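# Fold and contact review
Given next are the chains, with one letter for each unit.
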Amino acid sequence: DEDVPERRLDAAAERAGGNPLYLVELARTLAGEEVAALPDSLQQAVEAHLAHLDDMARELLDAGACAGDRFDPLWIADALGRPRLAALRALDGVARAHGVIEPAGRLYRFTHRLVREALLARMHAALGATIHAALAACVVDPGTGAKYALPATRAVVSARHFLAAGEAQRIAPYLEETLEPIERARPAEVVELVTAVLAADASIPPDVRVMALCAKGRAELTLSRKDAARATCEAAAAIAADASGPA
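Once that is clear, we can look at helix α10 (residues 154–164). Of all eleven residues in α10, eight are buried, a share of seventy percent or more. For α10, the set of buried residues is Arg154, Ala155, Val156, Val157, Ser158, Ala159, His161 and Phe162. Each element contacted by the buried residues of α10 is listed here: α4 (55–67), α5 (73–80), α8 (125–139), α9 (142–145), α11 (175–179) and α12 (187–200). Directly beyond the C-terminal end of α10, a positive phi value near 75° is found at Gly166.

Take a look at the structure:
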């Protein structure tokens, strides 16, 4: 269609991951402003393809979808409390029989982004939150988190999943460790994390609040949100002044 901007056609092609059937279905949604919600036809096709999976395989796939496009199967198994060997056999069976995931070194990856999207789209919010919390809890401890091949540092990964679980207050004890590696590369994520954590936990010590607000202010400057950055820095200064007491 000549009326469809090229950027939206490119977005649809990327999202389809080279699958012509997926691309055809996505192309039918291009009359709107953006390629957004997964078409019902694709959702139903993925559901039909996975309908015969047993409970363990579906549970592992759901957790893998929450974990990301790529995931460490041992992390998934441990987070769900499943025996590792049984989980590995189940995922191997899914990869061989259904082709929705494939090995990627010691990880698995979804063969198409839309498969993961479909899994997440039909997942009940409470189930998703519970899985995210389990994934975070499994790696939050340095001794256990180091065992897995994670997409970012242990602190960042656990923070992302606690945030997705709606449990931002659990990020507070290692907030500084979380912010340090992402402050320059992912300023929008810094703003989101700090806002959520400070709103969720009123017991955070003043010095940690000041540190977090300063990081948020720098991130807002990086994002060219000058008014927001000024307000954030003023809030940090006020907390620091209150903590220091009268001169």
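Here is a general trend for soluble globular proteins: nonpolar side chains tend to be buried in one another's company. Residues Leu61, Phe71, Trp75, Ile101, Phe110 and Leu135 are the most contacted members of the largest nonpolar core, which totals 39 residues. Contributing elements (two or more residues each) for this core: α3 (40–50), α4, α5, α6 (84–98), β3 (107–110), α7 (113–121) and α8. Sorting elements by how many residues they give to this core places α4 first, with eight residues. When near neighbours in sequence (up to four residues on either side) are disregarded, Phe110 contacts Leu61, Gly64, Ala65, Gly68, Asp69, Phe71, Val100, Ile101, Val115, Arg116 and Leu119. Counting 25 residues, the second-largest nonpolar core is a separate cluster that includes Leu175, Leu198, Ala215 and Ala219.

With that settled, the discussion passes to the pairing of strand β2 (residues 101–104). Taken together, the four bridges between β2 and β3 define a ladder with antiparallel strand orientation. Considered in β3, the bridge of Glu102 is made with Arg109. Taking the residues that link successive antiparallel strands as the turn, the β2-β3 hairpin has two residues, and the phi of Gly105 there is positive, at about 70°.

As a further point, take the pattern of salt bridges. Oppositely charged side chains are able to pair whenever their charged atoms sit close together. On inspection of all chains with the given rule, the structure shows 16 salt bridges. When the shortest N-O distance is used, the salt bridge between Arg106 and Asp72 registers 3.2 Å. Of the two residues, Arg106 is situated in the loop between β2 and β3 and Asp72 in the loop between β1 (70–71) and α5; the sequence distance between them amounts to 34 residues. For Arg106, a relative accessible area of 48% translates into the label partly exposed. Each of Glu47, Arg58, Asp62 and Arg122 takes part in one network of salt bridges that share partners.

With that out of the way, let us pick up the packing of α5 against α8. One can describe the packing of α5 onto α8 by two numbers: an axis separation of 9 Å at closest approach and a directional angle of 105°. With respect to each other, α5 and α8 are oriented roughly perpendicular. For the pair α5 and α8, the contacting residues are Trp75, Ile76, Asp78 and Ala79 in the first and Ala134, Leu135, Cys138 and Val139 in the second. In the contact of α5 with α8, the residues fall into seven nonpolar, no polar and one charged.

Take the state of the cysteines next. One pass over the structure, following the stated rule, counts zero disulfides. Residue Cys233 stays outside any disulfide, its sulfur separated by 6.2 Å from that of Cys214, the closest cysteine. Cys233 gets classed as partly exposed once you look at its relative accessible area, which sits at 39%.

Criteria and thresholds
- Residues numbered from 1 in each chain as written.
- Predicted model: local features only at pLDDT ≥ 70, side-chain atom pairs only at ≥ 80, totals over all residues.
- Heavy atoms only, no water.
- Buried < 20%, exposed > 50% of the residue type's maximum accessible area, 1.4 Å probe, protein only.
- Helix = DSSP H or I, 4+ residues; strand = E, 2+ residues; numbered from the N terminus.
- Contact = heavy atoms within 4.5 Å.
- Core = buried A, V, L, I, M, F, W, Y, C linked by side-chain atoms within 4.5 Å.
- Pairing = 2+ DSSP bridges.
- Salt bridge = Lys/Arg side-chain N within 4 Å of Asp/Glu carboxyl O.
- Axes fitted to C-alpha atoms, helices over the stretch in contact; angles between N-to-C directions.
- Parallel < 35°, antiparallel > 145°, perpendicular 65-115°, else oblique.
- Nonpolar A, V, L, I, M, F, W, Y, C, P; charged D, E, K, R; others polar.
- Disulfide = S-S within 2.5 Å.

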